Amino acid sequence: ASAGQGVWRTMAGAALLVAALLAPGCSESGDTSAGQTLGTLKRVQRDGTIRVGYANEAPYAYLESASGRLTGEAPEIARVVLAEMGIGKVEGVLTEFGSLIPGLKAGRFDIIAAGMYILPERCKQISFSNPTYSVGEAFIVASGNPLALKSYESVARAADATLGAVAGTVEREYARQTGVPDARVVVFPDAPSALDGVIAGRVDAYAATSLTVNNLLARAQTSRVERAKPFSDPVIAGKPARGYGAFGFRKTDRDLVAAFNSALAKFIGSPRHLELVKRFGFTRAELPGPVTAAKLCHG
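Rules of the game
- Residues numbered from 1 in each chain as written.
- Predicted model: local features only at pLDDT ≥ 70, side-chain atom pairs only at ≥ 80, totals over all residues.
- Heavy atoms only, no water.
- Helix = DSSP H or I, 4+ residues; strand = E, 2+ residues; numbered from the N terminus.
- Buried < 20%, exposed > 50% of the residue type's maximum accessible area, 1.4 Å probe, protein only.
- Contact = heavy atoms within 4.5 Å.
- Areas by Shrake-Rupley, 256 points an atom, 1.4 Å probe, with all protein chains shown as cover.
- Pairing = 2+ DSSP bridges.
- Axes fitted to C-alpha atoms, helices over the stretch in contact; angles between N-to-C directions.
- Core = buried A, V, L, I, M, F, W, Y, C linked by side-chain atoms within 4.5 Å.

### Description of the overall build of the protein chain
In step 1: For the protein chain, the helix and strand inventory stands at twelve helices and 17 strands.
In step 2: Residues classed as buried in the protein chain amount to 47% of the 299 residues present.
In step 3: For the protein chain, restricting intrachain contacts to residue pairs at least 6 apart in sequence, the fraction spanning at least 24 positions comes to 69%.
In step 4: Carbon and sulfur atoms form 55% of the exposed surface of the protein chain, whose accessible area is close to 14,500 Å².

Here's what the structure looks like:
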């Protein structure tokens, strides 16, 4: 009899455990409070704090050395939008660009705030907000541009030319699709390292967004490098490539994405938005227009 009662108790306990796991509101990424599991949106609204992952790339997201403040286009927009959602504090987690998506999925932070382009391959791994900007490409080259590198295609044609790119960025894929051999591409961990690579002669050109190039050259204070002019954006799938940057989220955080997009729609393109991002080099010319994340994710 005692053995039978033990089996019954074990079965009853198992049934209760299954019922608890199937209860509404359970989420792998959420925290528990008073026996209930919270999703990311409810958790960060409850705490009033959210962690954002960023790579050290001005003007999109970087730590201001003088003040120690996380700033740039993405963090500053995030602060405004998240405040509208009842989240008043934004904490930054510095991560190499190529590790941002793995870090988000692993729960090191809740949002990617790094000006990351929306690309179909990335959309398979994470969700994106609607874009906050659109921008073209540029090169940093040695002064005088001795190899006349004025496009990705010109690098492909120059037999000995080397191109620098930051790990995990779209520029690496642009190089492949325009015929630049992998053996002639040098991958750097971040934008300042890539700039140093051009200055030191490790690479003949560094490829990045036009805003990244402008910002790096403004800070470099050296006559040894310059922006390649004129410059032609890479032609991908028959048309000049243009990138659209946005915020990244875990795919399970659908309510967080929806709330963020709702607040973002009221802000992007407003006078307050344009004034906020002006100091980072963004103008009306970089507004994303009516393009959505859904459209970009489908190529």
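### Description of the sheet that holds strand β13 (residues 205-209)
In step 1: Taken together, the five strands give an open sheet; going across it, the order is β12-β11-β13-β10-β14, and neighbouring strands pair in mixed fashion. The strands lining the two open edges of the sheet, one partner per strand, are β12 (185-188) and β14 (225-227). Across the sheet, the mean angle separating the axes of adjacent strands is 30 degrees when strand polarity is ignored.
In step 2: Of the pairings in the sheet, the one linking strand β10 (residues 137-142) to β14 comprises three bridges and is antiparallel in character. Bridging from a neighbouring strand, Val141 pairs with Glu226 of β14.
In step 3: Against the sheet, helix α8 (residues 191-199) touches β10, β11 (163-166), β12, β13 and β14, its axis set at about 150 degrees to β13.

### Considering the nonpolar core
In step 1: Core analysis: the biggest nonpolar cluster contains 54 residues, and Leu82, Met85, Ile111, Phe139, Phe247 and Phe260 have the highest contact counts within it.
In step 2: Ala55, Ile112, Phe188 and Leu296 belong to the second largest nonpolar core, which has 33 residues in total.

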